[in-house]
Amino acid sequence: MQRWRGLEDIPQDWGRSVVTIGSYDGVHRGHQLIIKHAVDRARELGVPAVVVTFDPHPSEVVRPGSHPPLLAPHHRRAELMAELGVDAVLILPFTTEFSKLSPAEFVVKVLVDKLHAKAVVEGPNFRFGHKAAGNVEFLTEQGKVYDFDVEVIDLYVTGEAGGGLPFSSTLTRRLVAEGDVEGAREILGRPHRVEGVVVRGAQRGRDMGFPTANVETLPHTAIPADGVYAGYLHVEGEAMPAAISVGTNPQFDGTERTVEAYAIDRVGLDLYGLHVAVDFLEYVRGQAKFDSLDALLEQIAADVKRCREIIAEEE
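Residues numbered from 1 in each chain as written. Predicted model: local features only at pLDDT ≥ 70, side-chain atom pairs only at ≥ 80, totals over all residues. Heavy atoms only, no water.

A. Spotlight on the overall build of the protein chain. When helices and strands are tallied, the protein chain shows ten helices and twelve strands. Seen along its three principal axes, the alpha-carbon backbone of the protein chain occupies a region of about 75 × 35 × 35 Å. Put simply, the protein chain has 315 residues, and 49% of those count as buried. Within the protein chain, contacts between residues at least 6 apart in sequence are counted, and of these 71% link residues at least 24 apart. (Helix = DSSP H or I, 4+ residues; strand = E, 2+ residues; numbered from the N terminus. Buried < 20%, exposed > 50% of the residue type's maximum accessible area, 1.4 Å probe, protein only. Contact = heavy atoms within 4.5 Å.)

B. Seen up close, the packing of aromatic side chains. Counted according to the given criterion, the structure contains eleven aromatic pairs. Taken together, a centroid distance of 5.2 Å and an interplanar angle of 90° make the contact between tyrosine 229 and phenylalanine 280 edge-to-face. In this pair, tyrosine 229 sits in strand S9 (residues 227–235) while phenylalanine 280 sits in strand S12 (residues 275–285), placing the two residues 51 residues apart along the sequence. As far as burial versus exposure is concerned, tyrosine 229 and phenylalanine 280 are alike and both buried. Among the aromatic side chains, those forming a connected cluster through ring pairs are Phe54, Phe94, Phe98, Phe106, Phe126, Phe128 and Phe138. (Phe/Tyr/Trp six-rings, centres within 6.5 Å; stacked < 30°, edge-to-face > 60°.)

C. Main features of the pairing of strand S10 (residues 238–247). Where S9 and S10 come together, nine bridges link them in antiparallel fashion. Of the residues in S10, the one forming a bridge with glycine 231 is alanine 242. Between the antiparallel neighbours S9 and S10 lie two residues, among them glutamate 236 with a positive phi of about 50°. Alignment of S10 against strand S11 (residues 258–263), held across six bridges, turns out to be antiparallel. When the bridges of S11 are listed, valine 246 appears paired with valine 259. (Pairing = 2+ DSSP bridges.)

D. Expanded view of helix H3 (residues 74–83). All of the buried residues along H3 are His74, Arg76, Arg77, Ala78, Leu80 and Met81. At the C-terminal side of H3, glycine 85 shows a positive phi close to 100°.

E. Main features of the sheet that holds strand S4 (residues 88–93). Strand order in the open sheet formed by six strands is S1-S4-S3-S2-S5-S6, with parallel pairing between adjacent strands. Of all strands in the sheet, those with a lone pairing partner are strand S1 (2–5) and strand S6 (149–152), marking the two edges. Taken over all neighbouring pairs, the strand axes of this sheet differ in orientation by 25° on average, direction set aside. The pairing of strand S2 (residues 17–21) with strand S3 (residues 49–55) spans four bridges and is classified as parallel. Within the sheet, the bridge partner assigned to threonine 20 lies in S3 and is valine 51. Most of the contacts of helix H1 (residues 29–45) go to S2, to which it runs at about 170°, and overall it touches S2, S3, strand S5 (117–122) and S6. Packed on one face of the sheet, helix H5 (residues 103–112) meets S2, S3, S4 and S5 and runs near 130° to S2. (Axes fitted to C-alpha atoms, helices over the stretch in contact; angles between N-to-C directions.)

F. Layout of unusual backbone geometry. Following aspartate 55, the chain continues into proline 56 via a peptide bond in cis, with omega recorded as 0°. Of note in the backbone geometry, tyrosine 24 takes a positive phi value of approximately 50° without being a glycine. One can find tyrosine 24 in the loop between S2 and H1. Positive phi, normally seen in glycine, also occurs at aspartate 147, with a value near 65°. Checked against the element boundaries, aspartate 147 lands in the loop between helix H6 (136–146) and S6. In this structure aspartate 147 comes out as exposed when scored by relative accessible area, which is 54%.

G. Structural context of the packing of helix H7 (residues 169–178) against helix H8 (residues 181–188). In the contact formed by H7 and H8, the axes pass within 7 Å of each other and the chain directions differ by 155°. Relative to H8, the element H7 is oriented roughly antiparallel. Seen along the crossing, H7 lies across H8 with a hand that is left-handed. Touching Leu171, Thr172, Leu175 and Val176 of H7 are Gly183, Ala184, Ile187 and Leu188, all from H8. (Parallel < 35°, antiparallel > 145°, perpendicular 65-115°, else oblique. Left-handed = near helix turned anticlockwise from the far one by under 90°.)

H. Structural context of the nonpolar core. The biggest cluster of nonpolar side chains holds 28 residues, and the ones touching the most others in it are Leu92, Leu111 and Leu115. For this core, the elements supplying multiple residues, two or more each, are S2, S3, S4, H5, S5 and H6. Residue contributions to this core peak at four residues, all from H5. Setting aside chain neighbours within four positions, we find leucine 111 in contact with Val19, Ile21, Phe106, His116, Ala117, Val120, Leu139 and Phe148. (Core = buried A, V, L, I, M, F, W, Y, C linked by side-chain atoms within 4.5 Å.)

Spelled out as structure tokens, the structure:
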């Protein structure tokens, strides 16, 4: 799959394509419906399927300080889109200048002049252009002028997550923030993932016999609520069963919020400096402070046992 950052990265000889535009944070099951339809349509027409997305999130430029927690960084979104059959991902740097493009200017500059759209696939509430003035009705009219079809796909899927609310990135972020990683998983179609580089911590876990990978997460990452979770630690292509702790480590009067993963039954791992990923399968318990170190160690052992059971059931 080709990855372009900015309009200037698009090959000069790029032909017609099927395009879908959106933030697509998390590439959840609703997003997947739209993207899969775009891919299927592209195959029918014999042209590539292109996803157009933005960096940073448009809200950060329009309303500074409002950047939402991210469910997936751009490289992860691209991986997920590639799995769905997307041929190219265009990441448009969302600047103040870019935000001022009118809907008509956006259509010409992006869809017509650069991507030569043959069809555009969107959800019913798609908005674009300055002050989000463009919608699917306007896009459809522009398609008649510039010879591209517009297909509107209902992306709303519902399930048990969020009490039956339609699946969305906003709902997923809320569930993650509440520690409901099982609900988030239903929406995403896979476990919620956090990524980052392993850095040196206080090494208390190592001293207690449960060495953890202290993950320095990427900026704006959607991190689950404080507590203990069962999941996986992904290192260089290997998925290791893990007990994961999120929080400030109140036992030792910590103040900095961290994500730490203990690779269950693994010894001698040296992960410092490596980029790793942590998948959250299930919430085990909330963060707590214990009366003694022995009580803490007893609870950690119980946590690891429970995480081992959850992962065994999963596998």
